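# What the coordinates show
Letter by letter, the chains look like this.
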Amino acid sequence: MFVVATAGHVDHGKSTLVRALTGMEPDRWAEERRRGMTIDLGYAWMTLPSGEKLAFVDVPGHERFVPNMLAGLGPVPAVMFVVAADGGWMPQSAEHLAAVDALGVRHGLLVVTRGDLADPGPATRQARAEIARTSLGAVDAVAVSAATGQGLDELKAALARLVDSLRTSPQGQAAPVRLWVDRSFTIKGAGTVVTGTLPAGTVRNGQELVLAPSGRAVRVRGLEALGEPVDEIGGVARVALNLRGIPADLPARGMALIEPGRWTLSGELDVRVTPPAADPHPRFPPELLMHIGSARTQARVRVLGVDTPYARLRLKEPLPLHAGDRVILRDPGAAGLAVYGATVLDPFPPPLARRGAAAAAARELDAWPDRPAAADLLRRHKLLRGPQLAAAGVVGLPEPVAGDWRADPDHWAWLRAELPRAVAAFCAKDPLAPGMPAEAARAALALPSRDLVAALVTDGVVLDGAYLRIFTRQAGEAGGSAAPGPAKPAGQLPPKIAGAVQEVLDDLADDPFAAPDTERLRALGLDARALAAAARVGLLLRVADLVVLAPGADKAAAGVLAGLEQPFTTSQARQALRTSRRVAIPLLEYLDRARVTERLPGDLRRIRA
Ligand SMILES: Nc1nc2c(ncn2[C@@H]2O[C@H](COP(=O)(O)OP(=O)(O)O)[C@@H](O)[C@H]2O)c(=O)[nH]1
Ligand SMILES: [Mg+2]
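Below or above, wherever it landed, is the structure these notes cover. Just so it is clear, the structure is predicted and the values come from calculations on it, not from any experiment.

As a further point, take the site of ligand 1. In the vicinity of ligand 1 lie 16 residues, with Asp11, Lys14, Thr16, Arg114 and Ala146 positioned nearest. In the environment of ligand 1, an oxygen atom lies 2.8 Å from a nitrogen or oxygen atom belonging to the backbone of Lys14. For ligand 1, the accessible surface in isolation is 580 Å², of which the surrounding protein chains cover 76%.

A few words on helix α7 (residues 357-365). Here α7 has its buried residues at Ala357, Ala358, Ala361, Ala362 and Leu365. The buried residues of α7 occupy an angular sector of 140° when the element is viewed end-on, so they sit on one face. The inward-facing, buried residues of α7 abut β16 (264-274), β18 (295-303), β19 (310-321), β21 (338-346) and α8 (374-381).

All chains considered together, the criterion is met by 2 aromatic pairs. Aromatic pair Phe81 and Trp89: ring centres 5.8 Å apart, planes at 15°, arrangement stacked. A relative accessible area of 0% places Phe81 in the buried class. When its relative accessible area of 16% is taken as the criterion, Trp89 is described as buried. Arranged with centres 5.0 Å apart and planes meeting at 80°, the rings of Phe284 and Tyr340 form a pair that is edge-to-face. On the criterion of sequence distance, the pair formed by Phe284 in the loop between β16 and β17 (287-292) and Tyr340 in strand β21 is long-range, its members being 56 residues apart. Here Phe284 matches Tyr340 in class, with each residue buried.

Take the packing of helix α16 (residues 553-562) against helix α17 (residues 570-577) next. It is at 10 Å that the axes of α16 and α17 come closest, and there the two elements cross at 115°. In terms of axis orientation, α16 runs roughly perpendicular to α17. When you trace α16 past α17, the crossing you get is right-handed. Taken together, the residues of α17 that come into contact with α16 (itself represented by Ala557, Val560 and Leu561) are Ala573, Ala576 and Leu577. Residue composition of the contact of α16 with α17, grouped by class: 6 nonpolar, no polar and no charged.

Moving on to the pairing of strand β5 (residues 107-113). Burial analysis of β5 places 7 of its 7 residues in the buried class, which makes it a mostly covered element. Residues His107, Leu109, Val111 and Thr113 of β5 are buried on one face, and the alternating residues Gly108, Leu110 and Val112, pointing to the opposite face, are buried as well. As defined by bridge partners, strand β4 (residues 78-84) adjoins β5 across 7 bridges and the pair is classed as parallel. Following the sheet pairing, Val83 is matched in β5 by Val112. Handedness of the β-α-β unit built from β4, helix α4 (residues 91-103) and β5 comes out right-handed.

Tracing the sequence through the fold places His291 in strand β17. Among the polar contacts made by the side chain of His291, one reaches the side chain of Arg330 at a distance of 3.0 Å.

In this section: helix α1 (residues 14-22). Turning to α1, its buried residues are Lys14, Ser15, Leu17, Val18, Leu21 and Thr22. All buried residues of α1 fall inside an arc of 160° around its axis, so they share one side. Once α1 finishes, Gly23 follows within two positions and takes phi at roughly 75°, a positive value.

So, about the sheet that holds strand β26 (residues 467-470). Spatial strand order, β24-β26-β25: 3 strands in an open sheet with antiparallel pairing. At either end of the open sheet lies a strand with only one pairing partner, and these are β24 (436-437) and β25 (461-464). Pairing between β25 and β26: 4 bridges, direction antiparallel. What sits directly across from Val462, in β26, is Arg469. In the packing of helix α10 (residues 409-429) onto the sheet, the strands contacted are β24, β25 and β26, and the crossing angle to β26 comes to about 90°.

This part covers the sheet that holds β5. To summarise the sheet geometry, strands pair through backbone hydrogen bonds and adopt either a parallel or an antiparallel arrangement. Reading across from one edge, β2-β3-β1-β4-β5-β6 is the order of the 6 strands in this open sheet, with mixed pairing throughout. Both outer strands of the open sheet, β2 (42-47) and β6 (140-143), are each paired with one neighbouring strand and no more. Between one strand and the next, the sheet's axes are offset by a mean angle of 25°, whatever the strand orientation. Sheet topology places β2 next to strand β3 (residues 53-58); 6 bridges connect them, and they run antiparallel. Within the sheet, the bridge partner assigned to Trp45 lies in β3 and is Ala55. Along the sheet, α1 makes contact with β1 (2-7), β2, β3, β4 and β5, crossing β3 at roughly 160°.

For the rest of this paragraph, the subject is unusual backbone geometry. At the junction of Ala212 and Pro213, the peptide bond is cis and its omega measures out at 5° in the coordinates. Cis peptide bonds are those with omega within 30 degrees of zero, and the linkage from Gln566 to Pro567 qualifies with -15°.

Below, the discussion takes up the side chain of His381. Position of His381 relative to the elements: it lies in helix α8. Judged by relative accessible area, His381 falls into the buried class, the value being 17%. Residue contacts for His381: discarding those within four places in its chain leaves Asp346, Phe348, Pro349 and Pro350.

Time to look at the environment of Ala391. Tracing the chain through its elements places Ala391 in helix α9 (residues 386-391). Residue class for Ala391 comes out buried when judged on its relative accessible area of 11%. Sequence separation of Ala391 and Val543 is 152 residues, and the distance between their C-alpha atoms is 55 Å. Those residues in contact with Ala391, other than ones at most four positions away along the chain, are Gly261, Arg262, Trp263, Thr264, Leu321 and His322.

On to the pattern of salt bridges, then. According to the stated counting rule, one finds 27 salt bridges in the structure shown. With its nearest N and O atoms 3.0 Å apart, the salt bridge here joins Arg219 to Glu208. Remark: Glu208 occurs in strand β10 (residues 208-212) and Arg219 occurs in strand β11 (residues 216-225); sequence separation between them is 11 residues. Owing to a relative accessible area of 41%, Glu208 belongs among the partly exposed residues under this scheme. One salt bridge in this structure joins Arg380 and Asp270, with 2.8 Å as the shortest N-O distance. With Arg380 in helix α8 and Asp270 in strand β16, the pair connects residues that are 110 residues apart, well separated along the chain. Each of the salt bridges in this network shares a partner with another, and the network as a whole consists of Asp270, Arg312, Asp346, Glu364 and Arg380.

Conventions and cut-offs
Residues numbered from 1 in each chain as written. Chains lettered and ligands numbered in written order. Predicted model: local features only at pLDDT ≥ 70, side-chain atom pairs only at ≥ 80, totals over all residues. Heavy atoms only, no water. Near = heavy atom within 4 Å. Polar contact = N/O pair within 3.5 Å; in protein donor to acceptor, adjacent residues only side chain to side chain. Areas by Shrake-Rupley, 256 points an atom, 1.4 Å probe, with all protein chains shown as cover. Buried < 20%, exposed > 50% of the residue type's maximum accessible area, 1.4 Å probe, protein only. Helix = DSSP H or I, 4+ residues; strand = E, 2+ residues; numbered from the N terminus. Arc of directions from axis to C-beta. Contact = heavy atoms within 4.5 Å. Phe/Tyr/Trp six-rings, centres within 6.5 Å; stacked < 30°, edge-to-face > 60°. Axes fitted to C-alpha atoms, helices over the stretch in contact; angles between N-to-C directions. Parallel < 35°, antiparallel > 145°, perpendicular 65-115°, else oblique. Left-handed = near helix turned anticlockwise from the far one by under 90°. Nonpolar A, V, L, I, M, F, W, Y, C, P; charged D, E, K, R; others polar. Pairing = 2+ DSSP bridges. Right-handed = clockwise from strand over helix to strand, strands pointing away. Salt bridge = Lys/Arg side-chain N within 4 Å of Asp/Glu carboxyl O.

What follows is the structure in structure tokens.
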């Protein structure tokens with residue numbers, strides 16, 4: 001199926017032409033027929049000589065119904081531009097053409113109607129010249145009379161050629177579904193029905209979709225294309241969907257049925273405005289209407305920088321968007337139809353907090369293509385999750401760096417270099433800390449997830465539980481392939497602590513199991529935190545919070561205990577080690593944990609084999 005929208009001044013014969021081509025009545029409402037004027041969108045279709053179907057979305061030409069016109073034109077990739085031979089180029093001709101141009105529609109056809117009333121030559125020449133300046137470029141032109149039927153066969157041939165040009169354009173049947181609703185009603189016995197133009201993607205019977213912006217899940221329980229039930233249909237197509245799970249009065253024009261997870265419900269976005277040739281430096285009012293598909297919403301406009309084509313829009317109603325979407329900005333207060341085409345660059349832009357951030361954003365966006373890729377969004381946001389990028393509609397996702405996180409390569413390289421610096425700085429400031437908490441590193445590097453900290457750990461840094469520590473080669477150790485070990489232990493402690501620890505070690509040299517008591521420790525200025533730090537760098541063996549021995553005391557104890565008759569009691573062990581219960585009990589428990597000794601019933605232990 002192919003879909004073409006009409007465009008052109010009111011009363012130039014658009015609806016009459018659609019009627020003549022299709023045999024169907026595009027003006028659906030009684031009021032439209034009574035007034036002889038299209039108010040809302042009309043739908044009709046014909047069969048081409050090839051057997052393919054061509055559907056028309058007939059739009060109103062009157063300036064009062066511009067929103068309806070844009071709703072009809074929005075999702076349609078081709079236009080049949082109508083000008084009356086006896087009317088010539090008129091204000092709404094220019095306005096509709098401006099809208100077509102703003103949307104960037106590239107496929108079209110000029111039809112000069114009412115050829116029985118005037119020579120179509122002059123109107124054709126002028127219209128062609130106007131159209132040539134827009135996104136439509138050079139178009140086929142056909143003169144017809146709906147009254148006499150003259151030219152209708154030529155028009156059908158021209159439509160067949162137009163359709164061929166649409167066929168070669170990529171239609172993306174696998175693209176994510178976003179069906180802009182243009183009508184919603186109930187059919188007795190069937191329930192809620194919505195109709196719309198499906199620009200791309202495939203809708204299937206039974207498919208689950210989401211109604212945006214409400215986020216409500218619905219299921220397709222029946223599908224029609226041009227009055228015929230079908231099981232699935234790919235865009236571009238006019239479709240009617242029978243929906244399950246939704247009250248009849250909920251869907252309305254401007255909402256969209258979308259595939260879950262594949263669109264960004266965007267309330268704020270950065271766009272690049274394409275200024276019309278006639279107005280290269282437009283001044284935007286602070287509030288505009290934004291149109292896309294059949295939707296329109298108010299948008300607060302903030303131009304980024306001075307005199308740039310970049311703007312941040314804050315939408316009154318969020319809309320399902322992709323980077324690269326084409327939207328229309330319209331100033332409803334302007335005399336005439338002031339419409340500007342714009343391209344969505346970033347559907348979730350970062351806040352503009354700093355001074356000068358807006359101008360910087362404009363400079364940054366200036367390097368972006370009209371179809372942004374994952375790399376563009378990543379350059380700006382540094383780190384994004386895969387699903388976020390997919391919902392932005394961008395391609396070219398890099399490999400994840402952790403979980404589903406994707407990183408800008410430059411930023412990632414910087415982070416890898418920065419983490420060891422941050423850890424070293426933290427440990428230098430607080431040498432008694434067990435290391436830099438991973439959470440502190442996450443915050444210091446402005447990382448959105450703790451998983452990224454773990455992924456950034458390199459050779460020089462080790463993540464031990466919740467703490468990061470710097471690992472350097474031990475002094476005197478052979479370089480090259482040697483495993484990294486802690487740096488010279490005393491050097492990692494503040495000199496005062498290192499000196500106090502040395503005194504403890506001197507005491508222990510004579511009497512290896514006579515751990516300093518709390519009074520001695522207090523006198524030396526060693527608290528539990530300092531002892532833990534000394535133990536961490538390997539200067540002390542810590543068997544309890546405030547019970548420390550020299551490194552290697554555990555092995556020495558094992559040697560002494562091995563000389564006892566097995567099994568032995570705590571008291572026998574204490575005597576053999578020539579120490580107090582305060583030291584013996586935690587030391588024995590330490591040896592139990594280290595599986596050097598084995599605990600037996602009745603306060604007995606033995607050395608393990
Ligand atoms: N003589 C003549 N009248 C036409 C022709 N096409 C349309 N009309 C008349 O022009 C008027 C406006 O047509 P309509 O299709 O409603 O215009 P629209 O506003 O562009 O949809 C109607 O009265 C039509 O009957 C034509 O080819 N010849
Ligand atoms: Mg009409």
